[in-house]
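Architecture and fold: a report
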Amino acid sequence: MQPELKPVRTGEQSFGRGSSYEPAQDVVYSSEQGQKVLRNTYLLLALTMVPTVIGAWIGMATSGIIMASPIISSLVMLAAVIGLQYAIAANRNSGVGVALLLLMTGLLGWWLGPILNVALSMKNGMALVGYAAVGTGVIFFAMGALSQTIKRDLSFMGKFLFVGMIALLIAMFANMFLQIPALALTISTLVIVVFSMFLLYDLQRIRRGGETNYVMATTGVYMSLFNIFANLLHLLLALAGDRD
């Protein structure tokens, strides 16, 4: 079972995204504002790694809770994460929003427990976890570089990516019943592609001043990185895991 959780995404709507990008804004102001939000986003993103690691360590020790009923656990986790994201959005201009974000990242770290236990049961599991982390970092920096290089406004991608994300979420839950290995690998591959594009989309919005709140910016970027890492690890374990 590979973790995949849906972030609250609303395309061009203002909910959870700060103010939407307006091409008529002063370019210099947008650029300066975007760089400030981007710096704060990176700092907060680094901080989220602490509860994620702590949560993962706890999750490995308590993975039986999730594996006892994977489908129900997935539904409960999905509801909890979406609820936390709404709460983060409602408190995005206060320290409460930061605290809720850290709580959510700790919860998501806990959710990684079962797949990390599977990895550690393999001879090359630790190496594969490292490869997944490095691969996620490479995608992150590549999308960051592209967001700075591409001059075209990518705001049109939001709705298409949102629809793709919902379709993948439905396919993931359907495959919990169907248990088709090839479909699981296909879903993981598509999740990596879709959330890589979400990274590009979000990072460009931040740079252009389309997202003025660093808490919401961090939430979106973190969710993309989480899904990329979890599904990249799932692919590596399925294709290159050494169980002997």
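Nothing here was measured: the structure is a model prediction, and the numbers come from that model.

About the criteria used
Residues numbered from 1 in each chain as written. Predicted model: local features only at pLDDT ≥ 70, side-chain atom pairs only at ≥ 80, totals over all residues. Heavy atoms only, no water. Helix = DSSP H or I, 4+ residues; strand = E, 2+ residues; numbered from the N terminus. Buried < 20%, exposed > 50% of the residue type's maximum accessible area, 1.4 Å probe, protein only. Areas by Shrake-Rupley, 256 points an atom, 1.4 Å probe, with all protein chains shown as cover. Phe/Tyr/Trp six-rings, centres within 6.5 Å; stacked < 30°, edge-to-face > 60°. pLDDT = per-residue confidence, 0-100. Contact = heavy atoms within 4.5 Å.

**What about the overall build of the chain?**
A count of helical and extended segments in the chain gives 9 helices and 0 strands. Helices and strands in the chain line up, N terminus first, as α-α-α-α-α-α-α-α-α. By the burial criterion, 50% of the 244 residues in the chain qualify as buried. Summed over all atoms, the accessible surface of the chain reaches about 11,300 Å², with 71% contributed by carbon and sulfur.

**Let's talk about the packing of aromatic side chains**
With the rule as written, the count across this model stands at 4 aromatic pairs. On the basis of an interplanar angle of 40° and a centroid distance of 5.7 Å, the ring pair of Phe 195 and Phe 198 is categorised as tilted. Separated by 3 residues within a single helix, Phe 195 and Phe 198 lie in helix α8 (residues 181–207), roughly one turn from each other. This pair shows no difference in class: Phe 195 is buried, exactly as Phe 198 is. With 6.4 Å between their ring centres and 70° between their planes, Phe 198 and Tyr 201 make a pair best called edge-to-face.

**Topic: the confidence of the model for the chain**
With 87% of its residues at a pLDDT of at least 70, the chain reaches an overall mean of 87. Overall, residues 8–29 carries pLDDT values under 50, and its contacts beyond four positions in sequence, including any with other chains, amount to 47 contacts.

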